[in-house]
Amino acid sequence: MSDNSKEVEATKELATSAGSYSDHEYELGLRVVNEDAIADPGLEPHRVRMTDKSVKHEKAAVRQVALLFTLSMLGSAFALWAYFSFPLSEDLSTVRLNTMYLGIGMTLGLMGIGIGAVHWAKTLMPDNEVSEERHLVRGSDEKRAAAIEILAAANQESGFTRRKLIRRTLYGSLALFPLPGIILLADLGPNPGDSLRHTYWKKGTRLAKDPTGIEIKASDVTLGSVFQVIPAGLNPEQHDYLEEKAKAAVLLVRVDPSELKETDERKSWSYQGIVAYSKICTHVGCPVALYEQHTHHLLCPCHQSTFDLVDGCKVIFGPAARPLPQLPITVDSEGYLVAQSDFLEPVGPSFWDRSVK
Ligand code: FES
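Draft legend 1. Examining the overall build of the protein more closely. Along the protein, the regular secondary structure elements total nine helices and ten strands. Partitioning the intrachain contacts of the protein with sequence separation of at least 6 by distance along the chain shows that 61% fall at a separation of at least 24. Of the roughly 22,400 Å² of accessible surface on the protein, 60% is carried by carbon and sulfur atoms.

Draft legend 2. View of the side chain of S225. Inspection of the secondary structure puts S225 in the loop between β1 (207-209) and β2 (226-231). In this structure S225 comes out as buried when scored by relative accessible area, which is 17%. Once residues lying within four places of it in the same chain are set aside, the contact partners of S225 are L252, V253 and R254.

Draft legend 3. View of the environment of T70. Relative to the elements of secondary structure, T70 occurs in helix α4 (residues 55-85). Between the C-alpha atom of T70 and that of G116, which follows or precedes it by 46 residues, the distance is 9.4 Å.

Draft legend 4. Structural detail: helix α9 (residues 241-248). By the burial criterion, the buried members of α9 are Y241, E244, K247 and A248. Viewed end-on, α9 has its buried residues packed into an arc of 140°, placing them on one side of the element. Summarising the contacts, the buried residues of α9 are in contact with β2 and β3 (250-254).

Draft legend 5. Region of the structure containing the environment of M100. By secondary structure assignment, the location of M100 is in helix α5 (residues 92-123). Taking the C-alpha atoms as reference points, M100 and A82, 18 residues apart in sequence, are found 8.9 Å from one another.

Draft legend 6. Seen up close, the state of the cysteines. Applying the stated criterion to the full structure yields one disulfide. Sulfur-sulfur distance for the disulfide between C286 and C302 comes to 1.9 Å. Since a negative S-S torsion denotes a left-handed disulfide, the C286-C302 link at about -90° is left-handed. Here C286, found in the loop between β4 (274-278) and β5 (290-292), pairs with C302, found in the loop between β6 (297-299) and β7 (306-308); they are 16 residues apart in sequence, far enough to count as distant. For C286, a relative accessible area of 16% puts it in the buried group.

Draft legend 7. Seen up close, the environment of S140. Following the sequence through the fold, S140 ends up in the loop between α5 and α6 (141-158). A polar contact of 3.2 Å, which involves the side chain of S140, links it to the side chain of E142.

Draft legend 8. Structural view of a nonpolar patch on the surface. There is a patch of nonpolar side chains on the surface, built from L179, I182, L185 and L188 and spanning about 420 Å² of accessible area. By secondary structure assignment, the location of L188 is in the loop between α8 (178-183) and β1. When its relative accessible area of 73% is taken as the criterion, L188 is described as exposed.

Draft legend 9. Focus on the sheet that holds β5. The four strands are arranged β5-β6-β7-β8 in an open sheet whose pairing can be described as antiparallel. This sheet does not close on itself; its edge strands, each paired only once, are β5 and β8 (314-317). Strand-to-strand twist across the sheet, computed as the mean angle between neighbouring axes with direction ignored, equals 35°. Examined bridge by bridge, β6 and β7 share three bridges and lie antiparallel to one another. Note that in β7 the partner of L299 across the bridge is T306.

Conventions we followed
- Residues numbered from 1 in each chain as written.
- Predicted model: local features only at pLDDT ≥ 70, side-chain atom pairs only at ≥ 80, totals over all residues.
- Heavy atoms only, no water.
- Helix = DSSP H or I, 4+ residues; strand = E, 2+ residues; numbered from the N terminus.
- Contact = heavy atoms within 4.5 Å.
- Areas by Shrake-Rupley, 256 points an atom, 1.4 Å probe, with all protein chains shown as cover.
- Buried < 20%, exposed > 50% of the residue type's maximum accessible area, 1.4 Å probe, protein only.
- Arc of directions from axis to C-beta.
- Disulfide = S-S within 2.5 Å.
- Polar contact = N/O pair within 3.5 Å; in protein donor to acceptor, adjacent residues only side chain to side chain.
- Patch = residues over 30% accessible without salt bridge, like charges linked within 9 Å, V, L, I, M, F, W, Y side chains within 5 Å.
- Salt bridge = Lys/Arg side-chain N within 4 Å of Asp/Glu carboxyl O.
- Pairing = 2+ DSSP bridges.
- Axes fitted to C-alpha atoms, helices over the stretch in contact; angles between N-to-C directions.

Dropping the structure here:
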């Protein structure tokens, strides 16, 4: 009796002696299992393609593949043209055109290569059905040598070397396609230098309401009131108006001076309970916009970071890592609120060479 037969007998013995099955049931079960085994369906009958039967169709397929690769080249070239013809600027209609045309061009660039390659493979490359038994991942040296031979033959049969038109248009489309992606790197923008460390505020700049630009006197700020503030003199016509306004945005609030928990250094940064803090959240830069008068909490609507206004705008909840920077303020001889200086630390989110404190 072979090892396999012994094993089958032992299994049968175990199943029947445990009382789970009778001899008859066990035999029946084996038969059901064998009858349910999935038969090898084999290969479907080979269907000869039109391009195998007719030179005319073969030539048409070659032209179609080349056309698709050419379409890819045109798409990539179009994306490059669109990028330079519609430079990103403050004009939103230009930005929309830049994005739309760049997207269309890159889509055509990638789609032409993809569809062209699939069409090439389906219509012109060899169409032989092959079935292969599973085997060890690493073949024998003989099989590996044979595989290399097959690859060389496939190279010949696919016509990669012979069909110069397809090869060259494929090279062209592959060479052009990455270019639109590469030029997008230019939009990372110029090196910011130390512009992240400074804002438009400087000593003596008056605080003005946003967006009217009306300058604010200390007497205008009643207990519990909140003002959205920009530096007076910030000119909407200047080229960097939006950047400067975004960095300099401030929230101005008046609280009962007795409620302020100010360090010795900051005692002179407020004026009769009026405090000014950067409006730019230190998490990822959303505008902090909600002030709860009862608790003196400032809330960022983006991810719910919460800052305690009367305690140096320290973070009491949420993902922000630092307090909101405070703008030191005072009043001038006419009673207008003015900055004592710029912020003494960068506003907004942390960046690569800014320490978190
Ligand atoms: S940007 Fe304010 S909490 Fe995320």
